[in-house]
Every structure is written in C-alpha cells, then in structure tokens.
Amino acid sequence: MQAEQDNHWMGLALEMAAKAEARGEVPVGAVLVKDNQLLAAGFNFSIGQHDPSAHAEMQCLRQAGQVIQNYRMLDATLYVTLEPCSMCAGAMVHSRIKRVVFGARDAKTGAAGSVVDLLNNSAFNHQVSVTSGVREQECAAMLSDFFKRRRAEKKALKQAAKNQQANG
C-alpha cells in the first residue's frame, strides 16, 4: 500500500520536474502530501526567479505553509525527484514534516545520506524519516538527459561562434 502511494506521488513530482525543464530549469519537482491528499506542489525555479533558494522543495513548502496557514507541516510527506540539499533538508527539519521520499541520489550535494545526513541528525530537535530510490531510474534519467542536452547545446554554441569568427 505505502509503496503504491509512493509510486503515485513520485509520478506527480516527476510531472512537476517536467514543468521545470520546460522553463529551462534543472528538472526537479516536489509535492507535499498529508493523509494521501495533495497540499502543495513545486518545481525548481532558481534561474527564472534569480533566487538560489527557489528549489522545488522550498517552493512546495512555502506554498503548503500558505495553504495550511502554518509553518509546521506535521504528519506530511514530501516527495521529491532528487535528494534534498542542505538548505532544503534544513527547511524540512524546521517544518517538522514526518517523511521525505526521493528518487535519485545526489552525490555532490545530497543531505539525506549521500554527502551528509541532516534529516536524521540526533543533534536536531526533529528527525525526518527518509525513503530513497522511489522511481530512481526515471528521476536520474530525467536529470542526466537534461545535463547531456545542456552540454551539447553549449558545445554547439561554442562551435558556431568559432565558425563565425573563422568566416569573419
């Protein structure tokens, strides 16, 4: 039952990630759920908003706070396509969510066990239950494909500039 729900909600997080990608953002999506009901959804929007804190999780938590009129999101589960960074993990601890479910691991900035584990640090006054690897291949492929395309586009632009310079 729980695995089925996790799969379903991660599908919606993937849809949110696709919205980010359509805007030229890194494709990460998040949804916050309580009692199997959607509270909020968000996607990366750092580039468009010129805001380093506009990660999918932060967008989602901000929206949920407005919906429930509280900064504490007790018994809620956050689904996100990429392992949270330290900023997002800190916001999850402060919001008192019960659980985070993520798809792909982040070997460079992951703060739910890959690089550090802020969500289960006993020094904090709240710990967040973590489930990882839900629809991991889909989540990882979306990110990998995005960055491959970005590198190819960058290479093509450099080549075009080089050709233009050569042709004077």
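Residues numbered from 1 in each chain as written. Predicted model: local features only at pLDDT ≥ 70, side-chain atom pairs only at ≥ 80, totals over all residues. Heavy atoms only, no water.

This brings us to the packing of helix α3 (residues 56–68) against helix α4 (residues 86–95). Contact pair α3 / α4: the axes reach a minimum separation of 9 Å and the direction vectors enclose 25°. Between α3 and α4, the angle is such that the two are roughly parallel. Handedness of the α3/α4 crossing: left-handed. Packed against α3, whose contacting residues are E57, M58 and L61, the element α4 presents M87, C88, A91, M92 and S95 at the interface. (Axes fitted to C-alpha atoms, helices over the stretch in contact; angles between N-to-C directions. Helix = DSSP H or I, 4+ residues; strand = E, 2+ residues; numbered from the N terminus. Parallel < 35°, antiparallel > 145°, perpendicular 65-115°, else oblique. Left-handed = near helix turned anticlockwise from the far one by under 90°. Contact = heavy atoms within 4.5 Å.)

A few words now on unusual backbone geometry. Phi angles above zero are rare outside glycine, and H50 is one such case at about 50°. By the secondary structure assignment, H50 is in the loop between α2 (46–49) and α3. Residue H50 is classed as exposed on the basis of its relative accessible area of 73%. Phi angles above zero are rare outside glycine, and D75 is one such case at about 65°. Residue placement: D75 occurs in the loop between α3 and β3 (77–82). (Buried < 20%, exposed > 50% of the residue type's maximum accessible area, 1.4 Å probe, protein only.)

Turning to the pattern of salt bridges, a few remarks are in order. Side chains that differ in charge, positive against negative, can pair when their charged atoms come close. Under the criterion given, the structure shown has four salt bridges. Between R135 and E138 there is a salt bridge, with its nearest N and O atoms 2.8 Å apart. A relative accessible area of 41% means that E138 is categorised as partly exposed. (Salt bridge = Lys/Arg side-chain N within 4 Å of Asp/Glu carboxyl O.)

The next thing to look at is the side chain of D106. Note that D106 resides in the loop between β4 (99–104) and β5 (129–132). This buried residue, D106, is left without a salt bridge; K108 holds the nearest opposite charge, at 7.2 Å. Separated by 3.0 Å, the side chain of D106 and the backbone nitrogen of K108 make a polar contact. A polar contact of 2.7 Å, which involves the side chain of D106, links it to the side chain of T109. Here D106 is in contact with L82, E83, S114 and V115, once residues within four sequence places are set aside. (Lys, Arg positive; Asp, Glu negative; His and termini not counted. Polar contact = N/O pair within 3.5 Å; in protein donor to acceptor, adjacent residues only side chain to side chain.)

Function cannot be inferred from these measures alone, as they are strictly geometric.
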